[in-house]
Amino acid sequence: MRGEFLPFCRPSMGDEELAAVEEVLRSGWITSGPRVLKLEEEFRAFVGASHAVSSSSGTAGFHLALEALKLEEGDEVITPSLTWPSPVNMIEKVGARPVFADIDPRTLQLDPASVEARITSRTRVIFPVHFAGQSADLDALRELCREHGLRLLEDAAHAVGTRYRDRPIGSGESLAVFSFQAIKNLTCAEGGMVVTADAELAERMRLLRFHGVTRDAWKRNAAEDYDTSRREDYDVLEAGWKYNLTDIQAALACVQLRRQKELRARREVLAGLYDEALAGVPGIVRPARVSYPSRHAWHLYVVLVEPEVLGRTRNEFRDELKARNIGTGLHFLAVHRTTLYRELYPQYEGALPHTESVADRILSLPLFPDMTEGDVSDVVGAIREIS
Ligand SMILES: *Cc1c(COP(=O)(O)O)cnc(C)c1O
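Residues numbered from 1 in each chain as written. Predicted model: local features only at pLDDT ≥ 70, side-chain atom pairs only at ≥ 80, totals over all residues. Heavy atoms only, no water.

**Student:** Would you mind showing me how to read the nonpolar core here?
**Tutor:** L39, F43, F178, F180 and V195 are the most contacted members of the largest nonpolar core, which has 48 residues in total. Considering each element in turn, this core owes the most residues, five residues, to helix α9 (residues 247-258). Those residues in contact with F180 that sit more than four places away from it in its chain are L39, F43, V160, L186, T187, C188, A189, E190, G191, G192 and M193. Listed in part, the 42 residues of the second largest apolar core include V305, F317, I326 and I383. (Core = buried A, V, L, I, M, F, W, Y, C linked by side-chain atoms within 4.5 Å. Buried < 20%, exposed > 50% of the residue type's maximum accessible area, 1.4 Å probe, protein only. Helix = DSSP H or I, 4+ residues; strand = E, 2+ residues; numbered from the N terminus. Contact = heavy atoms within 4.5 Å.)

**Student:** Just to check I follow, could you spell out the sheet that holds strand β10 (residues 284-285) for this structure?
**Tutor:** Strand pairing within a sheet occurs via backbone hydrogen bonds; the two strands may be parallel or antiparallel. The strand order across the open sheet formed by three strands is β10-β12-β13, and the pairing between neighbours is antiparallel. If you trace the sheet from one side to the other, it starts and ends with β10 and β13 (362-365), each paired once. As defined by bridge partners, strand β12 (residues 301-305) adjoins β13 across four bridges and the pair is classed as antiparallel. In the sheet register, V302 faces β13, and the bridge partner there is S364. Together, β10, β12 and β13 form the strand contacts of helix α12 (residues 314-323), whose direction differs from that of β13 by roughly 20°. (Pairing = 2+ DSSP bridges. Axes fitted to C-alpha atoms, helices over the stretch in contact; angles between N-to-C directions.)

**Student:** I'm lost on the environment of S57 in this one. Help?
**Tutor:** Looking at the element boundaries, S57 is found in the loop between β1 (51-55) and α3 (58-68). Among the residues examined, S57 registers a relative accessible area of 19% and is labelled buried. Between the C-alpha atom of S57 and that of A189, which follows or precedes it by 132 residues, the distance is 9.4 Å. Residues in contact with S57, not counting those within four places in the same chain, are G191 and G192. Of the polar contacts made by the side chain of S57, one reaches the backbone nitrogen of T59; its length is 3.3 Å. (Polar contact = N/O pair within 3.5 Å; in protein donor to acceptor, adjacent residues only side chain to side chain.)

**Student:** It is not clear to me how empty space enclosed by the protein should be interpreted in this structure. Could you clarify?
**Tutor:** Where empty space is left becomes clear once a probe the size of a water molecule has been rolled over the atoms. This structure, assessed with the given rule, holds one cavity of 30 Å³ or more. Its volume calculated, the largest cavity comes out at about 70 Å³. Residues of the lining of the largest cavity, tallied by class, amount to six nonpolar, four polar and three charged. (1 Å grid on protein atoms, 1.4 Å probe; cavity = no way out; pocket = protein on both sides within 12 Å on 5 of 7 lines; lining within 4 Å. Points joined across faces, edges and corners; volume = space filled by probe spheres on them. Nonpolar A, V, L, I, M, F, W, Y, C, P; charged D, E, K, R; others polar.)

**Student:** Looking at this model, I keep getting lost on the packing of helix α1 (residues 15-27) against α9. Mind explaining?
**Tutor:** The relative placement of two packed helices is expressed as an angle between their axes plus a distance between the axes. The interhelical angle for the contact between α1 and α9, taken along N-to-C directions, is 150°, at an axis separation of 9 Å. On the basis of the axis angle, α1 is roughly antiparallel to α9. In this structure, α1 meets α9 at a crossing whose hand is right-handed. Residues E16, E17, A20, V21, V24 and L25 of α1 form the contact with α9, whose own contacting residues are D247, I248, A251, L252, V255, Q256 and R258. Among the residues forming the contact of α1 with α9, the class breakdown is eight nonpolar, one polar and four charged. (Parallel < 35°, antiparallel > 145°, perpendicular 65-115°, else oblique. Left-handed = near helix turned anticlockwise from the far one by under 90°.)

**Student:** What's the story with the pairing of β1 in this structure? I'm lost.
**Tutor:** On a regular strand, each side chain points to the face opposite its neighbour's, so the side chains alternate between the two faces of the sheet. With four of five residues buried, β1 is to be regarded as a mostly interior element. Relative to strand β9 (residues 192-196), β1 runs antiparallel, the two sharing five bridges. Looking at β9, one finds that S54 is bridged to M193.

**Student:** Would you take a moment to explain the packing of aromatic side chains for this structure?
**Tutor:** Two aromatic rings are characterised by how far apart their centres lie and by the angle between their planes. Scanning the model with the defined rule gives 12 aromatic pairs in all. Ring geometry for F43 versus F46: centroids 6.0 Å apart, planes at 45°, classification tilted. With a gap of three residues between them, F43 and F46 both fall in helix α2 (residues 34-47), about one helical turn apart. Here the aromatic rings of F43 and F180 are separated by 5.5 Å at their centres, their planes lie at 65°, and the arrangement is edge-to-face. (Phe/Tyr/Trp six-rings, centres within 6.5 Å; stacked < 30°, edge-to-face > 60°.)

**Student:** What's the story with the pattern of salt bridges in this structure? I'm lost.
**Tutor:** Side chains that differ in charge, positive against negative, can pair when their charged atoms come close. In total, this model carries 25 salt bridges according to the counting rule given. A salt bridge links E238 to R204, with the nearest nitrogen and oxygen atoms 2.7 Å apart. With a gap of 34 residues between them, E238 in the loop between α8 (217-221) and α9 and R204 in helix α7 (residues 199-209) connect regions that are remote in the sequence. The partner of E268 in a salt bridge is R264, and the shortest N-O contact between them spans 3.1 Å. You can see E268 and its partner R264 sitting in helix α10 (residues 260-278), four residues apart, about one turn around the helix. The exposure class assigned to R264 is buried, which follows from its relative accessible area of 11%. What you see here is one network of salt bridges that share partners, running through R2, D375 and D378. (Salt bridge = Lys/Arg side-chain N within 4 Å of Asp/Glu carboxyl O.)

Quick look at the structure:
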């Protein structure tokens, strides 16, 4: 048995990241400043978007995006339930109503047919997630948006490095929100980025991100702008939040962005090893690749644990892996079955059969760029031993 515990994820932080952070700390400017601007410009170019607005988290980015879309009380946003609770929480927080659609049980992506069946006269937004790093079915969802006059807001928390039809997620018409949280493919501990083609939305999100004041602190105080004769007063236009990213995080994120090709390539190699080694293992189902052209970012390596075949539940299976020093993740429980959302929207119990069945069986195996091939063998060995 493996001697040392293998976590399901560990951020890949090297000398370049350390040097970048040290440089910011010694520079005299640690909050939002020139490095945030640099990251926004580099990330914008990386995904091929027109505008990039950084934020303190992906969740803050959702809040900004939904607020900028000016949803009203009772407006409906169609979203999956097999996701992290934060997109759904933010829909609630802006006064709108989440409407849960089911997933494709093979690819685990939001099912456009289920989305279509839930469109009403109150629907304003379709809010898919690019689950695990594969792309959602964007053509089908965009077509529904065109047909019904809806906005598409993409949860791209898993999608740094994902492509749809040879274009990065976040390019073109999209309003997409990325996360730089600690387990994500590009991380600076916590952070987010909203990208959009809409200049007006971008401007409104910038305003709301920083108190609703017309000038960011660093523009008033940064070293380059120290000429007091040119200092401008500020004004408040709207009651905003405090959702800005810091230069410490931005410097870290710039290094991680530069390393994306290397980091994604490593994830792909490791995922390939899992694919090969798990192919014939009874009771372990690997999700299918999507049928449309897409590049997988391999944010997560998820499998479905079949209790009928293995004679144990997913949670029991997970405990047995842990006893063998293998960590795993749970992405995700169904949001509609959590206490809050069961109380708010009891009508979904039993109405999302694929989501419920997958949520009971899904398990994320260890996958991070600094893993070794020996680590993959240890995971596969433990799985074989149990099943
Ligand atoms: C991580 C994650 C988020 C939230 O991002 P934060 O940066 O942690 O706020 C949202 N959606 C999904 C699917 C995620 O995995």
